[in-house]
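One letter stands for each residue in the lines below.
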Amino acid sequence: MANTRLKAARLAAGYHSQQDLADALRVGVRQVRRWESDQPPMPQPEVAQALVRVLGQDLVALGFAPDGAVPARRTVLASVGLAAVPTQAVALQPATAADDFEAVTRSHRRLYWSVAPATLHPAAIAHATLGCAVLPEAAGQTRKRIAAALAETYLLAGRIEFFDMREPDRAQQTLLRALQAAGEADDPLMGSAVLAHMAFIPAWDGDRDAAVERMVAARTYARRGPASVELLAWLDAVEAECETRCGNTRTALHLIGHAEDVLADGSAQPSPAWLDWFSPVRLAAFKGNTQLRAGHLPQARATLLGVLNALDPAEEKQTTVVLGDLAAVEAAAGNPEAACGYALRALDQLERTWYAMGMDRVREVRRALAPHQHEQCVRELDDRLYGWATTVSALAR
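The numbers attached to residues start from 1 for each chain and follow its sequence in the written order. Thresholds applied to this predicted model are a pLDDT of at least 70 for local features of residues and 80 or more for the giving and counting of side-chain atom pairs; totals over whole chains, interfaces and linings are not thresholded and use all residues. Heavy atoms from the whole structure form the basis of all side-chain values; hydrogens and water molecules are not counted.

### Considering the nonpolar core
No. 1: Put simply, a nonpolar core is a bunch of buried Ala, Val, Leu, Ile, Met, Phe, Trp, Tyr and Cys residues held in one set by side-chain atoms that sit within 4.5 Å of each other. Note on exposure labels: buried denotes an accessible area under 20% of the residue type's maximum, exposed denotes more than 50%, and partly exposed covers the range between, all computed with a 1.4 Å probe on protein chains only. Counting residues in each nonpolar core, the largest one holds 103 residues, and the members touching the most others are Trp234, Trp277 and Phe278.
No. 2: Note on definitions: a residue-residue contact is assigned when non-hydrogen atoms from the two residues lie within 4.5 Å. Setting aside anything within four residues of it in sequence, one finds Trp277 in contact with Trp113, Leu155, Arg159, Ala193, His197, Trp234 and Arg282.
No. 3: In this structure, Leu21, Leu51, Phe64 and Ala139 belong to the second largest nonpolar core, which totals 18 residues.

Written as structure tokens, this is what we have:
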């Protein structure tokens, strides 16, 4: 009779062929074939340790009989009242568990762009809780895939907490869990993405040293990739925004120029499926904001108008940010009516799709319009900005 215990554990761990398991253990496929035969030889000690680690069960549970004993001996000992040596109690999840968990993660990724953050966030956290419960019950490739999807889920929750809910302390803890899950999956590109998101948090407080340290770590993980040009360009864009927040617009513009060159060079390396928040148009949005903060108003206006025309209608959250930046350009240029026009369009968009970063932009514009607060256009903006629905909605989120 073949060693069905080992075969079942192999399949449950996500190794669909004997060759897959052989590759994971760095042994020949003939060796795995012998282990799954009716008389499996005991693996060498080092290989045995790797086999137990990869499949999540001890040798007896995998159908091996140490020292010539038969696995059934445990039953015999128990029947005569002697205590049996316990095996590692692991309830292995089937390989399909990774498919199912990943499917929900993908759905949440897409829903982020249309579902209200206050609605999606609890669902993402609940999904992460499920992943934490399932992960110890999985082994091998199944475990790695669940861990990778769990890291993405925590990253999504952290993005919502920081960008949508404006809770940086909470986001810091959630992103740390994402980094731990990425480590379980041994996924350096996800680790790079998480660390780059973590750099935003100190940068928003003006702590450049902490932000730079996290970006160095993010780039280190990206080198372990291989990383796509989109991911590398996004890292430049993140560091540029951090530098902009810390008042270093010249450095930021240099980084954006480098990102543009990286994208222009191109690469055959595909981007991870989860990198759906970045594109050349998004890079241009970063550039327009930096030009604005650098005081390059004509350039910022031209860049941001190009972004607004190029954005997909479905990119509603980004649209509010771009409209807010265009309003800020006009406010800085002394055009209050044009500034209020863009700000009102941003508020129209925010009523459909809430985005805290977009509302922050509108509020910054209103502060910049303080010298014009008695003009009719600014009063109309105030009526919208502090209307019942807008005020309650903003405070409730």
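Let's pick the thread back up.
### Remarks on the pattern of salt bridges
Should their charged atoms come close, side chains of opposite charge can pair.
No. 1: By salt bridge we mean one thing: a side-chain nitrogen of Lys or Arg within 4 Å of a carboxyl oxygen of Asp or Glu. Inspection of the entire model under this criterion finds 20 salt bridges.
No. 2: One salt bridge connects Arg208 with Glu243, and the closest N-O pair in it is separated by 2.9 Å. Note that Arg208 is positioned in helix 11 (residues 208-223) and Glu243 in helix 12 (residues 229-245), a separation of 35 residues in sequence.
No. 3: Residue Arg208 is classed as partly exposed on the basis of its relative accessible area of 36%.
No. 4: In this structure, the salt-bridge partner of Asp382 is Arg366, at a minimum N-O distance of 2.5 Å. Of the two residues, Asp382 is situated in helix 19 (residues 376-385) and Arg366 in helix 18 (residues 356-368); the sequence distance between them amounts to 16 residues.
No. 5: In this structure Arg366 comes out as buried when scored by relative accessible area, which is 13%.
No. 6: One continuous salt-bridge network, built from bridges that share partners, spans Asp99, Glu102 and Arg145. We count a stretch as a helix when DSSP gives it H or I for four or more residues in a row; a strand needs E for two or more, and each element gets its number in order from the N terminus.

### Here we look at the environment of Arg223
No. 1: When you line up the elements, Arg223 lands in helix 11.
No. 2: Remark: the alpha-carbon pair of Arg223 and Val60, spanning 163 residues in sequence, is separated by 41 Å.

### Some remarks on a negative patch on the surface
No. 1: Patch rule: a residue counts if its relative accessible area is over 30% and it has no salt bridge; like charges are joined within 9 Å, and nonpolar side chains (Val, Leu, Ile, Met, Phe, Trp, Tyr) within 5 Å. Every accessible area reported is derived by Shrake-Rupley at a probe size of 1.4 Å, with residue values counting cover from the shown protein chains alone. Under this rule, positive means Lys or Arg and negative means Asp or Glu; His and the chain ends count for nothing. The atoms used to mark charge sites are NZ of Lys, CZ of Arg, CG of Asp and CD of Glu. A cluster of acidic residues, Asp169, Asp205, Asp207, Asp209 and Glu213, forms a negative patch on the protein surface.
No. 2: Looking at where Asp205 falls in the secondary structure, it is placed in the loop between helix 10 (188-204) and helix 11.

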